[in-house]
Amino acid sequence: MFTHDMFTALLWFAGVAALINITPGLDTMLVLRTSLAHGRTGGRAAALGILTGCLAWGLATAVGLTALLTASRLAFDALRIGGALYLVWLGGSALWQARRRAGSGAAGEPAAAAATADTTPEPMSAAAAGTAAQGRWAAFRAGIGTNLLNPKAGIFYMSLIPQFLPHDTPAFGATLLLTAIDVLELALWYWVVTTAAAALGERVRRPSVRRRMEQISGLAFLGFAANLLLTERA
């Protein structure tokens, strides 16, 4: 399987996939927003959900299921509309959180300033630990949901990976190998994003700034939803 042609194809695919992966898009925006709002662990939970979705799309491509997205108008539209509605829900939730922050913003500013000044760690209670676990699970669900309900993700794997498969290579194994390379690159990229965003989030605790971040991310989700609704089947 590992011929010279295959090795060359892997190198070319790794380069092209890396350029695509670092291009700002829905998944990166979700990881960035979650990291700013919920810290590094929340952002990485969202990233893990996205990576799980990518693995699922890669496996679907290997067995030929993603071809349904171009062959069936019904399947494509169902996934497209479902994904758009999910993004509308995420956007609306972010805007609602921003509105709630606005209601408690005046009282929260002094507390935020004190929290920024006092960096002494406090022990986490059992209730707080349970809430944190629920937050990570919600972030994971958001990541896998935005990825699996986005037909563009499936079309990406279906259209890009076959271009790098040598003619004499078993398609199933080679597709899974290229998927693994893409997922590993994404994992590295999301590690960079979550680390940088979490560090920034720890320094930007003012409720007014957090509220603005929620507003921007909410509008971005709604924009991605509109773009998805206007997407035509290839």
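Residues numbered from 1 in each chain as written. Predicted model: local features only at pLDDT ≥ 70, side-chain atom pairs only at ≥ 80, totals over all residues. Heavy atoms only, no water.

A. Structural detail: the side chain of arginine 33. With respect to the helices, strands and loops of the structure, arginine 33 is situated in helix H2 (residues 26–62). Setting aside residues up to four positions removed in sequence, arginine 33 forms contacts with Ala94, Glu214, Ser217 and Phe221. (Helix = DSSP H or I, 4+ residues; strand = E, 2+ residues; numbered from the N terminus. Contact = heavy atoms within 4.5 Å.)

B. Expanded view of a nonpolar patch on the surface. Together, Leu59, Val63, Leu65, Leu68, Phe172 and Leu176 give the surface a local cluster of nonpolar side chains, amounting to about 530 Å² of exposed area. Relative to the helices and strands, leucine 176 resides in helix H8 (residues 171–203). When its relative accessible area of 31% is taken as the criterion, leucine 176 is described as partly exposed. (Patch = residues over 30% accessible without salt bridge, like charges linked within 9 Å, V, L, I, M, F, W, Y side chains within 5 Å. Areas by Shrake-Rupley, 256 points an atom, 1.4 Å probe, with all protein chains shown as cover. Salt bridge = Lys/Arg side-chain N within 4 Å of Asp/Glu carboxyl O. Buried < 20%, exposed > 50% of the residue type's maximum accessible area, 1.4 Å probe, protein only.)

C. Molecular detail of the nonpolar core. Counting residues in each nonpolar core, the largest one holds 36 residues, and the members touching the most others are Phe13, Leu87, Leu178, Tyr190 and Phe221. Secondary-structure elements contributing two or more residues to this core are helix H1 (4–21), H2, helix H4 (73–103), helix H7 (151–160), H8 and helix H9 (207–229). Counting residues per element, this core draws most heavily on H2, at 9 residues. Once residues within four sequence positions are removed from consideration, phenylalanine 13 is found in contact with Leu160, Ile161, Phe164, Leu178, Ile181 and Asp182. (Core = buried A, V, L, I, M, F, W, Y, C linked by side-chain atoms within 4.5 Å.)

D. Quick peek at H1. Taking 1.5 Å per residue, 18 residues should reach 26 Å; H1 reaches 25 Å between its end C-alpha atoms and fits that length. Of the positions making up H1, those classed as buried are Met6, Ala9, Leu10, Phe13, Ala14, Ala17 and Asn21. The arc enclosing the buried residues of H1, seen along the axis, measures out at 140 degrees, which places them on a common side. Of the exposed residues in H1, the ones pointing more than 90 degrees away from its buried face are His4, Leu11, Trp12 and Leu19. (Expected span 1.5 Å × (residues − 1). Arc of directions from axis to C-beta.)

E. Spotlight on H7. Within the span of H7, buried status applies to Pro151, Ala153, Gly154, Ile155, Tyr157 and Leu160. Its side-chain oxygen placed 3.1 Å from the backbone nitrogen of lysine 152, asparagine 150 serves as the N-cap of H7. (Polar contact = N/O pair within 3.5 Å; in protein donor to acceptor, adjacent residues only side chain to side chain.)

Purely geometric stuff here, so don't read any function into it on its own.
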